[in-house]
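Chain by chain, the residues:
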Amino acid sequence: MSGLIFNLFIFVLASFVGFELISKVPPTLHTPLMSGANAISGITILGALIVAGQTDNQTAQIIGFAAIVFATINVVGGFMVTDRMLEMFKKKDKNDE
Amino acid sequence: MSNFLPPSIQAVLPNIIQLIYLVATGIFIFGIKRLGSPATARSGNQLAALGMLIGVVVTLFDQQILSFEYIIGGIVVGSAIGMFAAKKVEMTAMPEMVAIFNGFGGGASALVAWGEFSRAVDPAAFATQDLVTIGLSILIGSITFTGSFIAFGKLKGFISGNPITFPGHNIFNALLTLGTLGLVGWLAYDPASQLIFWLLFGIALLLGILTVIPIGGADMPVVISLLNSYSGLAASMAGFVINNNLLIISGALVGAAGLILTNIMCQAMNRTLTNVLFGAFGGDGGSGSGPAADTDKTVRETTPDDVALQCAYAKKVAIVPGYGLAVAQAQHALKEVVDKLEKRGVEVKYGIHPVAGRMPGHMNVLLAEADVPYDQLYDMEQINPEFKSTDVVLIIGANDVVNPVAKTEPGSPIYGMPVMNVDEADRTIIFKRSLSPGFAGIDNPLFYEESNQMFFGDAKDSLQALAKSLDEV
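This write-up is about the structure you can find in this document. (Residues numbered from 1 in each chain as written. Chains lettered and ligands numbered in written order. Predicted model: local features only at pLDDT ≥ 70, side-chain atom pairs only at ≥ 80, totals over all residues.)

## Some words on the overall build of chain B
- Each helix and strand in chain B was counted, giving 17 helices and six strands.
- Its C-alpha atoms give chain B principal-axis dimensions of about 80 × 55 × 35 Å.
- Counting across all 473 residues of chain B, residues that qualify as buried make up 53%.
- Look at the contacts in chain B between residues 6 or more apart in sequence, and 78% of them connect residues 24 or more apart. (Helix = DSSP H or I, 4+ residues; strand = E, 2+ residues; numbered from the N terminus. Buried ≥ 20, exposed ≤ 12 C-beta atoms within 10 Å, placed from the backbone. Contact = placed C-beta atoms within 7 Å.)

## Topic: the sheet that holds strand β6 (residues 452-456) of chain B
Residues and elements named next belong to chain B.
- Spatial ordering of the open sheet is given by β3-β2-β1-β4-β5-β6, a layout of six strands whose pairing is parallel. Each end of this open sheet is capped by a strand with a single partner; those strands are β3 (377-379) and β6. Shown here is a sheet whose adjacent strand axes are inclined to one another by a mean of 25°, direction ignored.
- Of the strand pairs in this sheet, strand β1 (residues 316-321) and strand β4 (residues 392-396) are connected by five bridges, and their pairing is parallel. Of the residues in β4, the one forming a bridge with V320 is I395.
- Each of β1, β2 (347-352) and β3 is contacted by helix α14 (residues 362-369), which is oriented at about 140° to β2, the strand it contacts most. (Pairing = 2+ DSSP bridges. Axes fitted to C-alpha atoms, helices over the stretch in contact; angles between N-to-C directions.)

## Description of the nonpolar core
- Judged by nonpolar contacts, the single largest core of 191 residues is most densely connected at A48, A67 and I68 of chain A together with I395 of chain B.
- Tallying contributions element by element places helix α4 (residues 58-88) of chain A first for this core, with 17 residues.
- Apart from the residues within four sequence positions on either side, I68 of chain A is in contact with I45, A48, L49 and A52 of chain A together with I71, G74, I75 and G78 of chain B. (Core = buried A, V, L, I, M, F, W, Y, C linked by C-beta atoms within 7 Å.)

## Section: the interface of chain A and chain B
- Taken together, the contact between chain A and chain B spans 79 residues of the former and 99 residues of the latter.
- Contributions of two or more residues to the side of chain A that touches chain B are made by α1 (3-22), α2 (30-40), α3 (45-53) and α4 of chain A.
- Take the side of chain A that touches chain B: its biggest share by element is 29 residues, from α4 of chain A.
- Partitioning the side of chain A that touches chain B into residue classes produces 44 nonpolar, 27 polar and eight charged. (Nonpolar A, V, L, I, M, F, W, Y, C, P; charged D, E, K, R; others polar.)

## Quick word on unusual backbone geometry
Residue and element names in this part refer to chain B.
- A positive phi is found at N243, a non-glycine position, where the angle reads about 60°.
- With respect to the helices and strands, the residue N243 is situated in the loop between α8 (220-242) and α9 (245-268).
- Taking the C-beta count within 10 Å as the criterion, N243 has 15 such neighbours and is therefore assigned partly exposed.
- Despite not being glycine, D371 has its phi angle at roughly 70°, a positive value.
- On the secondary structure map, D371 appears in the loop between α14 and β3.

## Observations concerning the packing of α3 of chain A against helix α3 (residues 69-88) of chain B
- For the pair α3 of chain A and α3 of chain B, interaxial distance at closest approach is 8 Å and the crossing angle is 140°. By the angle between their directions, the pair α3 of chain A and α3 of chain B is classed as oblique. As α3 of chain A runs across α3 of chain B, the sense of the crossing is right-handed. Taking contact as the criterion, the partners of L49, A52 and G53 of chain A in α3 of chain A are, on α3 of chain B, Y70, I71 and G74 of chain B.
- Among the residues making up the contact of α3 of chain A with α3 of chain B, the classes are represented as four nonpolar, two polar and no charged. (Parallel < 35°, antiparallel > 145°, perpendicular 65-115°, else oblique. Left-handed = near helix turned anticlockwise from the far one by under 90°.)

## Quick notes on helix α1 (residues 7-34) of chain B
Residues and elements named next belong to chain B.
- When the terminal C-alpha atoms of α1 are compared, their 40 Å separation across 28 residues agrees well with the 40 Å that a helix rising 1.5 Å per residue should span.
- When the local axis directions of α1 are compared, the greatest deviation, roughly 55°, occurs at L13, which is followed within four positions by the proline P14.
- All of the buried residues in α1 are I17, Y21, A24, T25, F28, I29, G31 and I32. (Expected span 1.5 Å × (residues − 1). Bend = angle between axes of the 7 residues up to and from the residue.)

## Side note on helix α2 (residues 41-59) of chain B
- Its 19 residues place the ends of α2 of chain B 27 Å apart at the C-alpha level, agreeing with the 27 Å of an ideal helix rising 1.5 Å per residue.
- Within α2 of chain B, the full set of buried residues consists of A41, G44, N45, L47, A48, A49, G51, M52, G55, V56, V58 and T59 of chain B.
- Residues of α2 of chain B that are buried sit in contact with α2, α3 and α4 of chain A together with α1 and α9 of chain B.

## Some thoughts on the pairing of strand β5 (residues 427-432) of chain B
Residues and elements named next belong to chain B.
- Counting buried positions over the six residues of β5 gives six, a clear majority of the element.
- Side chains of β5 alternate between two faces, with R427, I429 and F431 and T428, I430 and K432 buried alike.
- Inspection of the sheet shows β4 paired to β5 by five bridges, in the parallel sense. Bridged to I395 within β5 is I430.
- Strand direction decides the pairing type here: β5 and β6, joined by five bridges, are parallel. Residue T428 lies in a different strand from β6, and its bridge partner there is N452.

## Notes on the environment of L470 of chain B
Residue and element names in this part refer to chain B.
- Position of L470 among the secondary structure elements: in helix α17 (residues 459-472).
- Residues L470 and P304, 166 residues apart in the sequence, show an inter-C-alpha distance of 8.6 Å.
- Setting aside residues up to four positions removed in sequence, L470 forms contacts with A308, A312, V337 and K340.

Okay, structure coming up:
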């Protein structure tokens, strides 16, 4: 099985997992879910690391640097702002009179 | 970093890295699962962040990585910007924030593909399938990048929220889309051609702008969800380029999430995705395309004392908040009113329309910020059957989502959109600045109903006045 076909299998199966996981999320959590998922899409940082860390070609390294900056903003900012939101979600305090 | 390790470990390192990627994948899936319930969501997000950290650290041991200046520099700069933005952003500005982060994610994926492409000494040495994935990664990543920035600009008001179109816009976009796909194919056929590469990159960036600019400000929630899906797809494509399963899987998960949320938003607005993308509907208000409020119909204006009296002696009060509440920064004033009512033994529930706010679930976050417990918030399906037994509904800064026209007038643009059945309650009180129509520019007959009263003014001032009056009842 060629690499591309194998990767396609993984892609399709992972998409199904995604649909299953997310279709049950209640509307209350849609904003944090979107912002958290957004942070996860910053996973592309792994590719950026490789491009910036190789030494074959300096132009590519600079492109990789820009990719790391972009992806890190996405990852760090995304997870932090999601955490900030979820921190505020509280259940009704039963001791509250 | 791999050269610091003993040779025996170096030999099996690629396998170790893959296995740890597998662990990170599991952590992501588990994290997303925990994001599905309010009680576990925070830990779910933290788990996902942990998965990301593991992925990054392990990748540093990849044998291709030999220099670290650019990596360290990039991470420091990116983290500083990301942290600053995450700490400073107002909760009302979350949609813009998500849009711009999205853009950066998509942009990063395009850059990864570009970097991989330019790193090769001889582009012709690439296998055809690699060139196709590089082309697609650049295409999707670039569309996400510029599209997200346009969405950001529209939400922020830098760019007019009204649809911006020119004659033949949709046909032109369709041709461009076909053109870019053709260029991806051409790149695979002739990778040595710089011209083709740059043409693809340039047109993809342009396409991002041209696809989002004709979409009205009111439809931005759908666009953001869709772009979120794209940024996942772009990451997945970048995974195909560098042959990395963790990227492919995480990207696919995000792609699926974005697609589901897009679908939910479309349903809540009773629109098809095609209509949102190509319909050039829904300005940013202001332009008032709808008919002006009829002058011969009368509305009943009310006072804080009167509202206080009605609410204080009600059994059951429902609150329907809209984005106007957030614009007026009146969440805390609302919470104060609700606290006072609850102290008197009134049962209070918040009814949240799926498109209240500027993105799916936005209103819930805004109310959470004002310390409203999430178990007091009810989805539209949960609260709709309850309006019949509700004494007073306070509608604050919402308009289209309570417009009965959506149920009664087949000719109306919002006909068929699921709305809150507030007209079934004994009494409705609308907090509003004026009689102007909302986003969709459609007059609301509820204003003139016998059972309705208008409480004119800024939402925050009105609620503060109401809180004060409640003390005196």
